[in-house]
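# Residue-level structural notes
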Amino acid sequence: MGLAKLNELYKTVIIDHAQFPRHKGELADPTGEKRLKNPTCGDVIKVSVAVKDDKINDVAFEGSGCTISQASASLMTTVLIGKDVKTARRLILAFSKLISGDDIDEDDEELLGDAAIVGTVAEFPTRIKCAALAWHAMDEVLNEEGSGADD
Amino acid sequence: MINEVHEQAADWKASPWKYEAGTPNISGAIALGSAIDYLNKLGMDNIQAYEQEIVDYTLPKLLQIDGITVYGPHDPAKHTGVLSFNLKGLHPHDVATGLDMDGIAVRAGHHCAQPLMEYLSCEATCRASFYFYNTKEEADRLLAGLNEVKEFFANGIGKAERTL
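The model shown is predicted, which means the values in this text are computed figures rather than measured ones.

## Focus on the UniProt feature "domain: NIF system FeS cluster assembly NifU N-terminal" (unreviewed entry) in chain A
Residues annotated in UniProt with the feature "domain: NIF system FeS cluster assembly NifU N-terminal" (unreviewed entry) correspond here to residues 10-130 of chain A. End-to-end, the C-alpha atoms of residues 10-130 of chain A are 13 Å apart, and along that stretch the chain is 39% helix and 21% strand.

Structure below.
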């Protein structure tokens, strides 16, 4: 049965994060926010961060979408909270490579932890954008954080 | 298209010819002609009647699936072969990926019709499009596929326990 391959994409961790998203909601005092829409499917994700002294103290997301986009956003929050901005940027890049089917550094894969499981999306080309949305939003937030950090 | 080109000067033909540089889409025009000949040979009435037969067969069965929302008229006589639907609790992209694994191609998304999605109060839908080259057997596969997808996500999600 062709559906058996679905288990590769919809692993327990992914379904769990989609059903019980972590850090879903708004931050009381965000230092940065970004709302991104996937124009081809209508998924919307808003990512909020609280960054102080180059450290990501908190991340939250809001929005609606498919199992993959919700799970990917939830997993992202668990990976990036507590990281410094430089490491976060590196991990965002590593995640982007991973879901495109490229190999990544072992240390980065370990830091991505459960989020690395989303890498199987590389075998489902139509779903890569779903997985990427929250991470793209996060990347843009951190870019804006960077530009205003010295004021 | 130009008339004359010099090192420091050029002049063009009058509109609309000035915008028609390069090779026109000749193969496209020939292919369109062939497509029209093909449809005329089949007969548009025959195509419409066959499409209606598929809708008469598929739509009532589709409506019987528990938890389905079918958009547009539920009377097959008023529906074309384009069937848009959602399964309760499932995102259309997840449904489409499931069907894809079964070799069934549907479109999922907002179909370049975001205002319509707003009007229907949904973010996106699945859309199966039947035409004269589709069969009732394929309709059966779609119906079976939808039930399998429902089962997959019901069981998968039902088993999930919070791990944090």
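Don't stop here, the text continues.
## With respect to the packing of aromatic side chains
All chains considered together, the criterion is met by eight aromatic pairs over all chains. Ring geometry for A:Tyr10 against B:Phe153: centres 4.7 Å apart, planes inclined by 80°, an arrangement best described as edge-to-face. In this pair, A:Tyr10 sits in the loop between α1 (6-9) and α2 (12-19) while B:Phe153 sits in helix α5 (residues 136-159), so the two residues belong to two different chains. Per residue, the accessibility class of A:Tyr10 equals that of B:Phe153, and both read buried. Here the aromatic rings of B:Phe132 and B:Tyr133 are separated by 5.3 Å at their centres, their planes lie at 65°, and the arrangement is edge-to-face. Classification of B:Tyr133 by relative accessible area gives exposed; the value is 55%. Site record: aromatic cluster; members linked through ring pairs are B:Tyr38, B:Tyr131, B:Phe132 and B:Tyr133.

## A word on the pattern of salt bridges
Opposite charge on two side chains lets them pair, provided their charged atoms get close. One pass over the structure, following the stated rule, counts nine salt bridges over all chains. When the shortest N-O distance is used, the salt bridge between A:Arg90 and A:Asp108 registers 2.9 Å. Here A:Asp108 lies in helix α5 (residues 106-112) and A:Arg90 lies in helix α4 (residues 85-99), a separation of 18 residues in the sequence. On the accessibility criterion, A:Arg90 (41% relative accessible area) is partly exposed. For A:Asp108, a relative accessible area of 8% corresponds to the buried category. Here B:Glu53 makes a salt bridge to B:Lys136, at a shortest N to O gap of 3.2 Å.

## Remarks on the nonpolar core
Of all hydrophobic cores here, the largest spans 75 residues; its most connected members are A:Val47, A:Ile68, A:Leu112, A:Met138, B:Leu62 and B:Leu146. Per-element tally for this core: the top contributor is helix α6 (residues 128-148) of chain A, with 10 residues. When neighbours within four sequence positions are excluded, A:Leu112 is seen to be in contact with A:Val79, A:Leu91, A:Ala94, A:Phe95, A:Leu98, A:Ile104 and A:Trp135.

## A few points about the sheet that holds strand β3 (residues 68-71) of chain B
In sheet architecture, strand pairing relies on hydrogen bonds along the backbone and comes in two forms, parallel and antiparallel. All names here are of chain B. Pairing within the open sheet is antiparallel, and its four strands lie in the order β3-β4-β6-β5. Each of the sheet's edge strands pairs with one partner strand only, and the pair in question is β3 and β5 (107-109). Averaged over all pairs of adjacent strands, the angle between strand axes in this sheet comes to 30°, irrespective of strand direction. Across three bridges, the pairing between β5 and strand β6 (residues 125-129) is antiparallel. Each bridged residue has a counterpart across the sheet, and for Gly 109 the counterpart in β6 is Thr 125. Sitting on the sheet, helix α2 (residues 44-64) is in contact with β3 and β4 (82-87), with an inclination near 140° to β3.

## Thoughts on helix α1 (residues 26-42) of chain B
All names here are of chain B. Compared with the 24 Å implied by 1.5 Å per residue over 17 residues, the 25 Å span of α1 between its first and last C-alpha is a close match. By the N-cap criterion, in which a side-chain oxygen at the helix start approaches the backbone nitrogen of a residue two or three places on, α1 is capped by Asn 25, the distance to Gly 28 being 3.0 Å. Just downstream of α1, Gly 43 is the residue with a positive phi angle, here 90°.

## Remarks on the interface of chain B and chain A
The interface is formed by 24 residues belonging to chain B together with 28 residues belonging to chain A. Here chain B and chain A share an interface that buries about 2200 Å² over both sides, 61% of which is from carbon and sulfur atoms. Viewed at the interface, chain A and chain B are joined by one salt bridge. At the surface where chain B touches chain A, the tally comes to seven residue pairs in polar contact (both at pLDDT 80 or more). The set of elements that each furnish at least two residues to the side of chain B that touches chain A consists of α3 (92-101), β5 and α5 of chain B. In terms of residue count, α5(B) provides more of the side of chain B that touches chain A than any other element does, six residues in total. Looking at the side of chain B that touches chain A residue by residue, the classes come out as eight nonpolar, nine polar and seven charged.

Conventions and cut-offs
Residues numbered from 1 in each chain as written. Chains lettered and ligands numbered in written order. Predicted model: local features only at pLDDT ≥ 70, side-chain atom pairs only at ≥ 80, totals over all residues. Heavy atoms only, no water. UniProt positions renumbered as here; feature names shortened; annotations may be inferred. Helix = DSSP H or I, 4+ residues; strand = E, 2+ residues; numbered from the N terminus. Phe/Tyr/Trp six-rings, centres within 6.5 Å; stacked < 30°, edge-to-face > 60°. Buried < 20%, exposed > 50% of the residue type's maximum accessible area, 1.4 Å probe, protein only. Salt bridge = Lys/Arg side-chain N within 4 Å of Asp/Glu carboxyl O. Core = buried A, V, L, I, M, F, W, Y, C linked by side-chain atoms within 4.5 Å. Contact = heavy atoms within 4.5 Å. Pairing = 2+ DSSP bridges. Axes fitted to C-alpha atoms, helices over the stretch in contact; angles between N-to-C directions. Expected span 1.5 Å × (residues − 1). Polar contact = N/O pair within 3.5 Å; in protein donor to acceptor, adjacent residues only side chain to side chain. Buried area = accessible area lost by both parts, 1.4 Å probe. Nonpolar A, V, L, I, M, F, W, Y, C, P; charged D, E, K, R; others polar.

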